[in-house]
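# Coordinate inspection notes
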Amino acid sequence: MIQTLDLRGIRPSRAELGSLIPRAQVDVSFATSAAERLITEVRERGWAALQDQAERFDGVRPDAIRVSVDAIAAAVASLEAPVRAALEESIERVRRASRAQVPAPAVTELAPGARVEQRWQPVRRAGLYVPGGKAVYPSSVIMNVVPAQVAGVASVVLASPPQAEFGGSVHPTILAAAGLLGVTEVYAMGGAGAIGAFAYGVPDLGLEAVDLVTGPGNVFVAAAKRLVRGVVGIDAEAGPTEILVIADATADPVLVAADLVSQAEHDELAAAILVTDAPELAVRVVEQLERQLAATTHTERATAAIDGVQSAIVLVDDLAAAAEFSNLYGPEHLEIQTADPDAQLAAISDAGAIFLGPYSPVSVGDYLAGSNHVLPTGGQARFSSGLSAASFLRPQQVIRYEREGLAEVAARLRALSDAEQLPAHGDAVDVRFPV
């Protein structure tokens, strides 16, 4: 059963606390050499390499890597009505929330004739990766595509692993989600090879290289994204999912346990952590975990995650210590189930997405909250953010100086250029004001 980490009565330093934090034994660097080989294969052999990789890793050799427009339309037509309604509702909610993520242009008037304009330009083409291993993720299609569209990305291409069950094509529910969003360029390719195909293009497939790659995946996808960064932009190296719950004695152990299990069912490496100042709650959550794990559909997978080194119940002296632990961990998903969630929120600085109160489970964020579920993992929330419309935008500064604005700073510019021993910089200004 889940391990317990008792931090009561001690005040470890930040470094000491960091060494105690439970983490999945996932090291992206160990997958780097394998990912690099797969990317090189795709660069050198294109379509044939992607077919070989599909046969090796997905158990099927697709006849066609690119999915036809007719297949996408057929997937939409065959979509069950309740699922279609749920996807359409999710699309609308994510679209509305994503619009708020587009920064407004701004103009700063520094002096007469001196202004700097801030504008935001979308990338031209984005490659969006949707995993397809232990589960099917049409929701990830929405979370990737909608913010790209809101940002104004003109060209969107989607990749997801081929499925043996569907003749080497992409899972039809994923295709249907793409079709509902008007995405017609979809490829049945997965893993590091797909990321390499996005970054460098595949001429014999007609696949043009992209400018930005987004989306979650396994450790090999994360390693591939690290390798191609610099050739293209990436969002983050999203890996196995994480949930951290800060709870006090007022929390319902049934709800806390249910939320931990909900993320544990994703993957054996999923992290589920409860941080609490209420030992009696911890005991009751453990009891609930035993009951709920035995009853859940993916019992073995979820139990392996809960029992793994990456999951724990952490006992702390108070909620201030809970916030300190959470900030150092930097969880992908943070739930706050306390008597006053807003008070704890004020102490939180590092988290991918934050869910407040007993009626804001991570599950609603995965599907219908309107927020994005593509979030940083592995502590990257300390310096990265979740996917948003802003992820697809590049800030650009437009400098507009007139003669009077430049004349005002000419002498000071001359002084700085001479101080840096770059006199031609000053000369380029002085030449505009001949004596």
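Quick caveat: nothing in here was measured; it's all calculated off a predicted structure.

Calculation criteria
Residues numbered from 1 in each chain as written. Predicted model: local features only at pLDDT ≥ 70, side-chain atom pairs only at ≥ 80, totals over all residues. Heavy atoms only, no water. Helix = DSSP H or I, 4+ residues; strand = E, 2+ residues; numbered from the N terminus. Buried < 20%, exposed > 50% of the residue type's maximum accessible area, 1.4 Å probe, protein only. Contact = heavy atoms within 4.5 Å. Areas by Shrake-Rupley, 256 points an atom, 1.4 Å probe, with all protein chains shown as cover. Lys, Arg positive; Asp, Glu negative; His and termini not counted. Charge placed at Lys NZ, Arg CZ, Asp CG, Glu CD. UniProt positions renumbered as here; feature names shortened; annotations may be inferred. Domains from an automatic or database assignment. Core = buried A, V, L, I, M, F, W, Y, C linked by side-chain atoms within 4.5 Å. Pairing = 2+ DSSP bridges. Axes fitted to C-alpha atoms, helices over the stretch in contact; angles between N-to-C directions. Salt bridge = Lys/Arg side-chain N within 4 Å of Asp/Glu carboxyl O. Expected span 1.5 Å × (residues − 1). Bend = angle between axes of the 7 residues up to and from the residue.

For the rest of this paragraph, the subject is the overall build of the protein chain. Within the protein chain, the secondary structure is distributed over 17 helices and 14 strands. When the backbone C-alpha atoms are referred to their principal axes, the protein chain occupies close to 85 × 60 × 40 Å. Burial statistics for the protein chain: of 435 residues in total, 50% are counted as buried. Partitioning the intrachain contacts of the protein chain with sequence separation of at least 6 by distance along the chain shows that 74% fall at a separation of at least 24. Element-wise, carbon and sulfur atoms account for 53% of the exposed surface of the protein chain, whose accessible area totals about 19,600 Å². A distance of 7 Å separates the average location of the 33 positive side-chain charges in the protein chain from that of its 53 negative side-chain charges.

Looking now at the UniProt feature "binding site: substrate" (unreviewed entry) in the protein chain. As annotated in UniProt, the feature "binding site: substrate" (unreviewed entry) corresponds to Thr-241, Gln-263, His-266, His-333, Asp-366, Glu-420 and His-425 in the numbering used here. In sequence the annotated residues extend across 185 residues, and in space they extend as well, their farthest C-alpha pair lying 57.1 Å apart. Tracing the sequence through the fold places Gln-263 in helix α10 (residues 253-264). Take Gln-263: its relative accessible area is 1%, and that puts it in the buried class. The residues touching Gln-263, leaving out its near neighbours within four places in the chain, are Thr-241, Ile-243, Ala-270, His-333, Val-362 and Asp-366.

Attention shifts here to the UniProt feature "binding site: Zn(2+)" (unreviewed entry) in the protein chain. The UniProt entry lists Gln-263, His-266, Asp-366 and His-425 under the feature "binding site: Zn(2+)" (unreviewed entry), expressed in the numbering used here. Maximum C-alpha separation among the annotated residues is 57.1 Å over a sequence range of 163 residues, too wide for a single clustered spot. With respect to the helices and strands, His-266 occurs in the loop between α10 and β10 (271-276). Look at His-266 and you get partly exposed, because its relative accessible area is 24%.

Glancing now at unusual backbone geometry. Phi is positive for Gln-421, which is not a glycine, with a value near 60°. Examined against the element boundaries, Gln-421 turns out to sit in the loop between α16 (403-419) and α17 (423-430).

For the rest of this paragraph, the subject is the domain arrangement of the protein chain. Along its sequence, the protein chain is organised into domain 1 (28-113 + 122-235), domain 2 (239-369) and domain 3 (402-431). Each of domain 2 and domain 3 has a C-alpha centre, and these two points are 58 Å apart.

Within the largest apolar cluster, 39 residues are counted, with the highest numbers of intra-cluster contacts made by Val-141, Val-145, Leu-158, Leu-181, Val-183, Val-186 and Phe-392. Those elements that place two or more of their residues in this core are α4 (69-77), α5 (81-99), β4 (125-129), α6 (138-151), β5 (155-160), α7 (172-180) and β6 (186-188). Of the residues forming this core, the biggest block, 7 residues, is contributed by α6. When sequence neighbours within four positions are dropped, the list of residues in contact with Leu-158 reads Leu-128, Val-130, Val-141, Val-145, Ile-174, Ala-178, Val-183, Glu-185, Val-186, Tyr-187 and Phe-198. Counting residues in hydrophobic clusters, the runner-up holds 33 residues, among them Val-42, Phe-198, Leu-205 and Ala-224.

Further remarks concern the sheet that holds strand β2 (residues 106-111). If you walk across this open sheet you meet the 3 strands as β2-β3-β14, and the pairing is antiparallel. The sheet is open, and its two edges are formed by β2 and β14 (393-401), each paired on a single side. Recorded for the sheet is a direction-independent mean angle of 20° between the axes of neighbouring strands. By the bridge criterion, 9 bridges tie strand β3 (residues 114-122) to β14 in an arrangement that is antiparallel. Residue pairing for β14: Glu-117 is matched across the bridge by Val-398.

What follows deals with the pattern of salt bridges. Tallied over the full model, the rule gives 20 salt bridges. When the shortest N-O distance is used, the salt bridge between Glu-41 and Arg-56 registers 3.4 Å. With a gap of 15 residues between them, Glu-41 in helix α2 (residues 32-45) and Arg-56 in helix α3 (residues 47-58) connect regions that are remote in the sequence. Looking at Glu-41, the relative accessible area reads 21%, which means it is partly exposed.

Next up on the list: α16. End to end, α16 covers 24 Å across 17 residues, agreeing with the expected 24 Å (1.5 Å per residue, within 8%). Helix geometry: α16 is bent most strongly at Ala-410, by close to 45°. What α16 keeps buried is the set Gly-405, Leu-406, Ala-410, Arg-414 and Ser-417. In the core, the buried residues of α16 are packed alongside β3, β14 and α17. Just past α16, the residue Gln-421 takes up positive phi, approximately 60°.

Moving on, we get to the environment of Ile-65. When you line up the elements, Ile-65 lands in the loop between α3 and α4. Take Ile-65: its relative accessible area is 0%, and that puts it in the buried class. Here the alpha-carbon distance between Ile-65 and Ala-369, two residues 304 residues apart in the chain, equals 33 Å.

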